[in-house]
Every structure is written in structure tokens, then in C-alpha cells.
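# Chains, contacts and geometry: an overview
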Number of protein chains: 2
Amino acid sequence: MAQTLHNFHFEDLLTRHHLKKTAPRLRVLSMMSSRNTATSQPDLESVMNDIDRVTLYRILSAFEEKGIIHKVFDLNGTANYALCTSNCDEGHHHDEHLHFNCTNCKNVYCLNDMQLPAINLPAGFEPQAFTLYASGLCPKCSKKAVK
Amino acid sequence: MAQTLHNFHFEDLLTRHHLKKTAPRLRVLSMMSSRNTATSQPDLESVMNDIDRVTLYRILSAFEEKGIIHKVFDLNGTANYALCTSNCDEGHHHDEHLHFNCTNCKNVYCLNDMQLPAINLPAGFEPQAFTLYASGLCPKCSKKAVK
DNA sequence: GTTTAAACGCAACAATATTACAATTAACTA
DNA sequence: TAGTTAATTGTAATATTGTTGCGTTTAAAC
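Here's a quick rundown of the structure. Note that the coordinates shown come from a computational prediction; the quantities given were computed from them, not determined experimentally. (Residues numbered from 1 in each chain as written. Chains lettered and ligands numbered in written order. Predicted model: local features only at pLDDT ≥ 70, side-chain atom pairs only at ≥ 80, totals over all residues. Heavy atoms only, no water.)

## Let's talk about the overall build of chain A
In terms of helices and strands, chain A carries five helices and six strands. Every one of the 147 residues in chain A was classed for burial, and the buried ones make up 45%. If you take every contact in chain A between residues at least 6 apart in sequence, the share linking residues at least 24 apart comes to 51%. As displayed, chain A has an accessible area near 8,100 Å², and 50% of this comes from carbon and sulfur atoms. (Helix = DSSP H or I, 4+ residues; strand = E, 2+ residues; numbered from the N terminus. Buried < 20%, exposed > 50% of the residue type's maximum accessible area, 1.4 Å probe, protein only. Contact = heavy atoms within 4.5 Å. Areas by Shrake-Rupley, 256 points an atom, 1.4 Å probe, with all protein chains shown as cover.)

## A closer look at the protein's contact with DNA strand C
Lining the immediate environment of DNA strand C, one finds 19 residues, of which A:Arg53, A:Tyr57, B:Thr22, B:Arg25 and B:Arg58 sit closest. Take the atoms of DNA strand C that sit within 4 Å of the protein: sugar and phosphate atoms are 54% of them. One of the side-chain N or O atoms of A:Arg53 is found 2.6 Å from a base nitrogen in DNA strand C. Residue B:Thr55 places a side-chain N or O atom 2.9 Å away from a phosphate oxygen belonging to DNA strand C. Of all the secondary structure elements, the ones that give two or more residues to the surface near DNA strand C are helix H3 (41-47) and helix H4 (53-66) of chain A together with helix H2 (23-33) and helix H4 (53-66) of chain B. (Near = heavy atom within 4 Å. Polar contact = N/O pair within 3.5 Å; in protein donor to acceptor, adjacent residues only side chain to side chain.)

## Structural notes on the sheet that holds strand E1 (residues 39-40) of chain B
All names here are of chain B. Strand order across the open sheet formed by three strands is E1-E3-E2, with antiparallel pairing between neighbours. Sheet topology places E1 and strand E2 (69-73) at the edges, where each strand pairs with a single neighbour. Relative to strand E3 (residues 79-83), E1 is paired through two bridges, and the arrangement is antiparallel. In the sheet register, serine 40 faces E3, and the bridge partner there is asparagine 80. Across the sheet, H2 lies against E1, E2 and E3, angled at about 85° from E3, the strand it touches most. (Pairing = 2+ DSSP bridges. Axes fitted to C-alpha atoms, helices over the stretch in contact; angles between N-to-C directions.)

## Some thoughts on the sheet that holds strand E4 (residues 98-102) of chain B
Judged by pairing direction, the sheet is mixed, and its six strands sit side by side in the order E5(A)-E4(A)-E6(A)-E6(B)-E4(B)-E5(B) without closing on themselves. Single-partner strands in this sheet number two, and they are strand E5 (108-111) of chain A together with strand E5 (108-111) of chain B. Each adjacent strand pair in this sheet contributes to an overall mean axis angle of 25°, direction not counted. Direction of pairing for strand E4 (residues 98-102) of chain A relative to strand E6 (residues 126-137) of chain A: parallel, over a ladder of five bridges. Paired with A:His99 across the strands is A:Tyr133, a residue of E6(A).

## Quick notes on the relation of the copies chain B and chain A
The two chain copies are connected by a rotation around an axis plus a translation along it. If you rotate chain B by 179° and push it 0.1 Å along the axis, it lands on chain A with an RMSD of 0.2 Å. Both chain copies can therefore be described as sitting about a two-fold axis. By C-alpha distance to the rotation axis, the residue of chain B lying nearest is B:Leu132, at 2.2 Å. The fraction of interface residues of chain B whose copies in chain A are also interface residues reaches 100%, indicating that both copies meet through the same surface. (Least-squares fit on C-alpha atoms with pLDDT ≥ 70 in both.)

## Concerning the protein's contact with DNA strand D
Around DNA strand D sit 19 residues in total, of which A:Thr22, A:Arg25, A:Asp52, A:Arg58 and B:Arg53 are the nearest. Each atom of DNA strand D within 4 Å of the protein was assigned to sugar, phosphate or base; sugar and phosphate come to 52%. One of the side-chain N or O atoms of A:Thr22 is found 2.6 Å from a phosphate oxygen in DNA strand D. Among the secondary structure elements, those contributing two or more residues to the surface near DNA strand D are helix H2 (23-33) and H4 of chain A together with helix H3 (41-47) and H4 of chain B.

Below is the structure:
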């Protein structure tokens, strides 16, 4: 989100999850919070090119495990990461919102306010989580498309 | 589906889409139709290990383009492929059904009968396609889980 | 049967992800 | 505040997944 979150928020977040406050981690958090879309792995890697790739992967998987971020694959199967808004705890995500993937700018939007309708599955299936994906044009790109 | 589809069905399918009838293509079709779940790329590759990897990729993308199969990424971002049931034409898929990813056996089920409920997006978003994912235990694995 | 465009196989490469281990450092403690 | 230690990072090597270019083969049309 565009809201300005300060470093001590992130530091706090890390300690709450028993993670050491390190420069790479704080930078990842700060970058993600500065965007209103999810961040793709390639994007992360090129922006943080001075941080080792392996370190990035480890930061991402640690954050995901702790419920700080969630991973979402876009239409091309590319991993995108976004901060969890609400109360995701360790190992239990609650990111059942809608993910919108713009076919033009490729951005992935987390539409947290969209509640998923109740879904009934055939007998035998025991769902634990739902995710709804939509693809199409995001507000910015649909404006441009009108010309 | 478990229904027994015969080779001439597939041959017909290929000619209808102006694709040459070749052994690799027929084998891919036959394998996919013999399963009631989507087939992952790694799975395809290991079962068809005598077909070149590149050929497989090309077959899959040709089929997808023609609307014969559709690609779906599972929870791990692995590509899975399944035959399109209905009337998908070239470049226009209509696979807006529910994909169920079992967290235990990792299988991806296409639940074609599940219709997606209508979704209203925030202003500005112009959706062109929806996909709903669910994860949890499939019938087989939920049975075993009871023990 | 000949011809030809489509499809295949091979080789090389690019991108993405994982593992093992040594070096560093944040956090704790004395 | 220095010393200790476990967590984290960096490096190297490797695995997996996907792409591109090109020569060879083959299905399909004549």
C-alpha cells in the first residue's frame, strides 16, 4: 500500500516473528510495502541485485512461513509476493482474497476487500483454502486502452 | 476421464485443428484422457521419456493455443495440463471452472460442473477471465486421512 | 511416387530454484 | 561492553524448468 510504513514497524514485525532484524529483510519489507501490487521474483531480484539470490529465496520462504507475505503465481506461472494484510499466523494463511492479474502491465493486485462467495464442492472434497484469480485490464491499463 | 476414448477420436481432433497426426501427439492426448486429474509437466516428461523434452513443450503449447488443453499452475507453481471439456476455440478458452489442488497427493482436479458465482470488481478493473482455485484434501486422500 | 511444409530431435542456452558449507553478524549473556 | 552462539548471509555447485536455432524426418497434399 502507498501508506508510509516506517522501519521500526518492520523491525517490530520481525521480532514478533522471532526473526533477526537484518538489512536484507528490512529492505524486502520496505520495497513490498511501497507498492500497491505484488512483486514478482524477477523484479525483486533485479531491484535488490546486491543481495544474493539465495538469500532472497530464503527471506521469501521464511516470510511466507511466518505469515508475513503470501505467494501468488501469475498467469505465466511467475511467483509474485505481497504482504499479508490481516492476521496470518505461522503456517496458516488467510489470504482468500481476489488476485487480479493485468494482461497488459502484468501486475498482480491483491483485492483484499473482495470476499469470496461460498462455494460448495462435490462430495468428498475437503477444501481448506480458496483463491480466486481474475485476469484482464487493471484501472491504469484500461484507461490507456480507450485512447 | 476414465471413459475409453479411442485413437480415431484423437486423430479426428487433430485434423479438425489442422495439426498433423503424429505419434507423440496421439500419446499425449491418450495419456491425458486416461486420467481424471490434470497432468503435471514433470509427470508428462517422465512417462514420455522417449519423447524429446522440447517436442513435449511444443506439443503442449500447440494444443493450448488450439484450445485442446488448458494449463493450470498448482500451489507450487508447477504447470499442469488437462483436456478442455467444452468448446474452447483457438485463442479463446472457456475453462472458468474450479481447480482443486490436493495438498496431499498434489493432484489437480478440474471440477467442470462448478460454475463460478458472479463477481463484482472495484471500479476500473476490466476482467476478461476468472479462475477459482481450491486446495485441501481430495476424496481419496480425505478417506485415507480418517484412518 | 514426389514435393513440401510441418513436426521432430538434438544441442546449446537462459531462467528459476535448491543444497551444502564456510563466513558473518544480530542477539543474548556475563 | 566484550564474548559466545545460533541465525543469517554469501558463495559455489547443481537441479529443474523452459526457450531458441537448426538440421533431419515425416505426414499430407498433389
